Amino acid sequence: MSSIPALVIEDLVVRYGDAVAVNGVSMTADAAQVTALLGPNGAGKTTTVEVACGLRAATSGRVRLLGAEPGTRAVARRVGVMLQQGGLYPTARPLEWLEYLARLYPTHADPSELLDLVGIDPSTRTTTRRLSGGEQQRVKLAAALLPNPEFLMLDEPTAGLDPLARRNLLEALAGRRDAGTSILLTTHQLSDVETLADHVVVIANGHVIAEGTVADLTGANDAMSFTGPPFLDLARLAGSLPGGFRAEELRPGYYVVHGPPSPQVMATITTWCADQGIMATDLAVGRRTLEQIVIDAGSEPS
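Residues numbered from 1 in each chain as written. Predicted model: local features only at pLDDT ≥ 70, side-chain atom pairs only at ≥ 80, totals over all residues. Heavy atoms only, no water.

Novice: What am I meant to see in the layout of surface pockets here?
Specialist: Where empty space is left in the structure can be found by rolling a water-sized probe over the atoms. Size it by volume and the largest pocket reaches roughly 630 Å³. Along its surface, the largest pocket is lined by 24 residues, and Leu-55, Ala-76, Val-79, Val-81 and Tyr-105 are the ones closest to its centre. When residues of the lining of the largest pocket are assigned to their parent elements, the largest contribution, four residues, is made by strand 5 (residues 79–82). Of the residues in the lining of the largest pocket, the class split is 15 nonpolar, six polar and three charged. Of the pockets and cavities examined, the second largest pocket occupies roughly 260 Å³. For the second largest pocket, the lining is made up of 17 residues, of which Ser-225, Asp-282, Ala-284, Arg-288 and Thr-289 are closest to its centre. Tallied by class, the residues present in the lining of the second largest pocket amount to six nonpolar, six polar and five charged. (1 Å grid on protein atoms, 1.4 Å probe; cavity = no way out; pocket = protein on both sides within 12 Å on 5 of 7 lines; lining within 4 Å. Points joined across faces, edges and corners; volume = space filled by probe spheres on them. Helix = DSSP H or I, 4+ residues; strand = E, 2+ residues; numbered from the N terminus. Nonpolar A, V, L, I, M, F, W, Y, C, P; charged D, E, K, R; others polar.)

Novice: Honestly, the sheet that holds strand 7 (residues 182–186) in this entry has me stumped. Any pointers?
Specialist: A sheet is described by the order of its strands in space; here six strands give the open sequence 5-6-7-3-8-9, paired in mixed fashion. Strand pairing shows two members of the sheet lacking a second neighbour, strand 5 and strand 9 (207–212), which therefore form its edges. Neighbouring strand axes in the sheet, compared pairwise and without regard to direction, differ in orientation by 15° on average. Each of strand 3 (34–38), strand 6 (151–155), strand 7 and strand 8 (199–204) touches helix 1 (residues 45–52); the most contacted strand, strand 3, lies at about 135° to it. On top of the sheet, helix 11 (residues 290–298) reaches strand 3, strand 8 and strand 9; it is set at about 25° to strand 8, its chief contact. (Pairing = 2+ DSSP bridges. Axes fitted to C-alpha atoms, helices over the stretch in contact; angles between N-to-C directions. Contact = heavy atoms within 4.5 Å.)

Novice: Would you mind going over the sheet that holds strand 11 (residues 246–251) with me for this structure?
Specialist: Strand pairing in a sheet is mediated by backbone hydrogen bonds. Such pairs are either parallel or antiparallel. The antiparallel open sheet is built from four strands, whose spatial order is 11-12-10-13. A strand with exactly one partner marks an edge of an open sheet, and here the two such strands are strand 11 and strand 13 (281–285). Pairwise comparison of adjacent strand axes, ignoring direction, gives a mean angle of 20° for this sheet. Across the sheet, helix 10 (residues 263–276) touches strand 10 (223–227), strand 12 (254–258) and strand 13, and the angle it forms with strand 10 is around 25°.

Novice: Please clarify how the domain arrangement of the protein chain should be interpreted in this entry.
Specialist: You can read the domains of the protein chain as domain 1 (5–217) and domain 2 (222–286). A separation of 39 Å is found between the C-alpha centroids of domain 1 and domain 2. (Domains from an automatic or database assignment.)

Novice: Sorry, what's going on with a negative patch on the surface here?
Specialist: Side chains of Glu-99, Asp-110, Glu-113, Asp-116 and Asp-121 sit close together on the surface and give a patch of like negative charge. Among the secondary structure elements, Asp-121 is positioned in the loop between helix 4 (111–118) and helix 5 (133–145). Classification of Asp-121 by relative accessible area gives partly exposed; the value is 48%. (Patch = residues over 30% accessible without salt bridge, like charges linked within 9 Å, V, L, I, M, F, W, Y side chains within 5 Å. Areas by Shrake-Rupley, 256 points an atom, 1.4 Å probe, with all protein chains shown as cover. Salt bridge = Lys/Arg side-chain N within 4 Å of Asp/Glu carboxyl O. Lys, Arg positive; Asp, Glu negative; His and termini not counted. Charge placed at Lys NZ, Arg CZ, Asp CG, Glu CD. Buried < 20%, exposed > 50% of the residue type's maximum accessible area, 1.4 Å probe, protein only.)

Novice: Before we go on, may I ask you to explain the packing of helix 4 against helix 5 in this structure?
Specialist: A pair of packed helices can be characterised by two numbers: the angle between their axes and the separation between those axes. Their axes nearest at 9 Å, the elements helix 4 and helix 5 cross at an angle of 135°. It follows that helix 4 is oblique to helix 5 by the angle criterion. Crossing hand, helix 4 versus helix 5: right-handed. Counted together, Leu-114, Leu-115, Leu-117 and Val-118 of helix 4 and Arg-138, Val-139, Leu-141, Ala-142 and Leu-145 of helix 5 form the full contact between these two elements. A breakdown of the residues in the contact of helix 4 with helix 5 according to their chemical character gives eight nonpolar, no polar and one charged. (Parallel < 35°, antiparallel > 145°, perpendicular 65-115°, else oblique. Left-handed = near helix turned anticlockwise from the far one by under 90°.)

Novice: Please clarify how the pattern of salt bridges should be interpreted in this entry.
Specialist: It is possible for side chains bearing opposite charge to pair when their charged atoms get close. As enumerated under the stated definition, the model contains 13 salt bridges in all. Residues Glu-69 and Arg-64 are paired through a salt bridge, measuring 3.4 Å at the closest nitrogen-oxygen approach. Judged by its relative accessible area of 45%, Glu-69 is partly exposed. Judged by its relative accessible area of 26%, Arg-64 falls in the partly exposed class. The shortest N-O distance in the salt bridge between Arg-236 and Asp-275 comes to 3.8 Å.

Novice: Which parts of the structure should I look at to understand the packing of aromatic side chains?
Specialist: Each aromatic ring pair is specified by the distance between its two centres and by the angle formed by the two planes. Overall, the coordinates contain four aromatic pairs when judged by the stated rule. Seen from their ring centres, Phe-226 and Trp-272 are 6.4 Å apart, and the 65° between their planes marks the pair as edge-to-face. In this pair, Phe-226 is assigned in strand 10 and Trp-272 in helix 10, connecting sequence segments 46 residues apart. Judged by its relative accessible area of 1%, Phe-226 is buried. (Phe/Tyr/Trp six-rings, centres within 6.5 Å; stacked < 30°, edge-to-face > 60°.)

Now the structure itself:
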């Protein structure tokens, strides 16, 4: 694996008139890894991706993609991009569209094989505008994979997919990552991030507020959490836990047991809940879920 990051963003600022969409974002995406860019709507994720792939100019800051300036011809041939909106010619059939795009690259993957990979019949005569939303997403992913990219940028790639198609797509992306492709992913499907991401960057109000592995951000290595009725007496639970563990109510109805997760400790928590006559919900390894992290990011002051 290369020690040189595939993408480096330093102090990126993007303004639309008086509005600041990105306000000093600095991040890296390592080679042959999946980096997930998370945050609430309006956080600046899509704008950051558009600058990184050369579709939008930065107001200030520095971006290096595969060691070069984004948007140059040499880099464009090495990058695949799938944006949430656009990217299809409405009256073309999927294979026609991919064969047209293939002629824009000096070398490329086989369009029919890519359509098979994403679950689209290459022989279909249905135009892209008449495909379902999930099918359109698959065609856009196939288009992004055409140049056999070294770096792949995906904005909401599993939106509109049924569970089987989503699982197949995630497996395909994991295979690309394992083969050496660097991937930058933005999504609201947080289970996709838990399945796929090697590194997570969380932004809010246009700047980075947290980053690390999923385990780093959620505390998955040092705690377990669950929800239930508020203001439970935790004394008996604390007395049942191994030495060095402690239980607390972080906010009304949200409880955290601090200590290394194990099946035995999980059983202790569920047994205590049963003795209290309550149903513990959202029992999870970690102090916070990714969902809670993104929700909290949405409440960050501007």
